[in-house]
Amino acid sequence: MAVKRRKGSTALKGLGVKFGATVRKRYGKVYRTLKQKRRCPNCTSLKFRRVAIGIWQCNKCEYKVAAGAYDINLGKLQG
C-alpha cells in the first residue's frame, strides 16, 4: 500500500530538488520572516509591510522607515 506524503508549502514551490535541502531551508526561513505580520511603530496597526528592499511602510497612517532588508528589527527605528 502506498504511503501518502504531506505536500510542502506553496512558498517554496520555485525551489526544486536541484537546489538542495540547505538552500530550501534558508529560503523558507527568510520568506517566513519577510511575510509575517508586523505592527506599525506609529499607529500600532497590522498594516506594516515592506515596500522595497530596506523600506517599510504602514498602509494605514503612511508612516515610512528605512530598516533591514528582510526584517524591520535589524535596523534602528529613528523617526
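Note that the structure is a prediction, hence the values are computed from the model and not measured. (Residues numbered from 1 in each chain as written. Predicted model: local features only at pLDDT ≥ 70, side-chain atom pairs only at ≥ 80, totals over all residues. Heavy atoms only, no water.)

Okay, the side chain of Arg-38 next. By the secondary structure assignment, Arg-38 is in the loop between helix 1 (21–35) and strand 1 (48–52). Looking at Arg-38, its side chain comes within polar contact range of the main-chain oxygen of Thr-33, at 2.6 Å. From its side chain, Arg-38 meets the backbone oxygen of Tyr-70 in a polar contact 3.5 Å long. Discounting chain neighbours no more than four positions away, the residues touching Arg-38 are Thr-33, Ser-45, Leu-46, Lys-47, Phe-48, Trp-56, Tyr-70, Asp-71 and Ile-72. (Helix = DSSP H or I, 4+ residues; strand = E, 2+ residues; numbered from the N terminus. Polar contact = N/O pair within 3.5 Å; in protein donor to acceptor, adjacent residues only side chain to side chain. Contact = heavy atoms within 4.5 Å.)

A separate point is the packing of aromatic side chains. Tallied over the full model, the rule gives 3 aromatic pairs. Aromatic ring contacts, followed pair by pair, group Phe-48, Trp-56 and Tyr-63 into a single cluster. (Phe/Tyr/Trp six-rings, centres within 6.5 Å; stacked < 30°, edge-to-face > 60°.)

For the rest of this paragraph, the subject is the pattern of salt bridges. Close approach of charged atoms lets side chains of opposite charge pair. Summed over the entire model, instances satisfying the criterion amount to 1 salt bridge. Taking the shortest distance from any N to any O, the salt bridge between Arg-38 and Asp-71 comes out at 3.0 Å. Note that Arg-38 is positioned in the loop between helix 1 and strand 1 and Asp-71 in the segment after strand 3 (64–66), a separation of 33 residues in sequence. For the pair formed by Arg-38 and Asp-71, the shared burial category is buried. (Salt bridge = Lys/Arg side-chain N within 4 Å of Asp/Glu carboxyl O. Buried < 20%, exposed > 50% of the residue type's maximum accessible area, 1.4 Å probe, protein only.)

Take it as geometry only, folks, not as evidence of what the structure does.
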